[in-house]
Structures are given as structure tokens and as C-alpha cells.
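Structural overview
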Amino acid sequence: MKDRIRKVMESQNMTQQEFADFVHISPASLSSVFTGRTRPTLAIVEAIKGALPDISTDWLMFGKGQMYLYISASEDGAN
């Protein structure tokens, strides 16, 4: 799951510090997830969903489906 959290962070063009602030978790918690010291908790998943409600929980937690619940016309390349 840490790789998917990193993908979410990168999709928002944020640094670790910016992303931690954005989703209201401590930078140390996010860092320990990325380094593998701790596993992501449900609180982290809920924080990400709270800040980015369009992220698919199934994708974030289990890698199933697409990252976003829906893709807008501007995101899928359609005009």
C-alpha cells in the first residue's frame, strides 16, 4: 500500500511534507510508512480519503480497480 500512497502523493505534485500537511497526518508517520518502518493504518487511509474523496478506497488499500473513482473528460484525454 505504501507504493499506492506514494502514487497519490505524486499525482498531487506534492512533497512528503506537503502531502502530510494536506491530509493532516504527521510527516514522521508518512515517512515511517515510506521507509517501511510501519505499515499504513486505517487512520492514514481515512485521512487520505478525507482530503481526496475521489481516490478509490479499494485501489488504495488493495490495488483493485483504478486510482480514481471516476475520470473526468480532461483527465482521460477527451475534449
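For every chain, the first residue of its written sequence is number 1, and the numbers climb from 1 along that sequence. Where local features are concerned, this predicted model is filtered to residues with pLDDT of at least 70; where side-chain atom pairs are given and counted, the filter is 80 or more; whole-chain, interface and lining totals use all residues. Each side-chain value is worked out from all heavy atoms of the structure, with water and hydrogens disregarded.

Here's the deal with the overall build of the protein chain
As a reminder of what qualifies: Helix and strand definitions follow DSSP, with helices as H or I runs of at least four residues and strands as E runs of at least two, each counted in order from the N terminus. Residue burial is assigned from relative accessible area. The probe radius is 1.4 Å, only protein chains are included, and a residue is buried under 20% of its type maximum, exposed over 50%, and partly exposed in between. Two residues qualify as a contact provided that any one of their heavy atoms is within 4.5 Å of a heavy atom in the partner residue.
The helix and strand inventory of the protein chain stands at five helices and zero strands. Each helix and strand of the protein chain, placed in order from N terminus to C terminus, yields the pattern α-α-α-α-α. Split into buried and exposed, the 79 residues of the protein chain put 28% on the buried side. In the protein chain, once contacts between residues fewer than 6 apart in sequence are set aside, the share between residues at least 24 apart is 48%.

Digging into the side chain of Ser-56
Relative to the elements of secondary structure, Ser-56 occurs in the loop between helix 4 (42–51) and helix 5 (57–62). Not counting the four nearest positions on each side in its chain, Ser-56 is found in contact with Lys-64, Gln-66, Met-67, Tyr-68 and Leu-69.

Structural notes on helix 3 (residues 27–35)
Along helix 3, the positions that sit buried rather than exposed are Leu-30, Ser-32, Val-33 and Phe-34. Where helix 3 is buried, its residues meet helix 1 (2–11), helix 2 (16–23) and helix 4. Trailing helix 3 by a residue or two, Gly-36 shows a phi angle of about 90°, which is positive.

Focus on the packing of aromatic side chains
Worth spelling out the cut-off: Ring pairs shown here join Phe, Tyr and Trp side chains whose ring centres sit within 6.5 Å, with only the six-membered ring taken for Trp; geometry is labelled stacked below 30 degrees between planes, edge-to-face above 60, and tilted in between. The criterion is that NZ of a Lys, or CZ of an Arg, lies within 6 Å of the ring centre and within 35 degrees of the ring normal, and then a charge sits over that ring.
Taken as a whole, this structure holds zero aromatic pairs when the rule is applied. The lysine or arginine in question, Arg-6, covers the ring of Phe-34, its NZ or CZ lying 4.0 Å from the ring centre. Lys-64 extends its terminal NZ or CZ atom over the ring of Phe-62, reaching a point 5.8 Å from the ring centre.

Comments concerning unusual backbone geometry
The backbone of Asn-13 shows a phi angle near 55°, a positive value even though the residue is not glycine. Residue Asn-13 is classed as exposed on the basis of its relative accessible area of 70%. You will see that His-24, though not glycine, has its phi angle at about 65°, which is positive. Structurally, the position occupied by His-24 is in the loop between helix 2 and helix 3.

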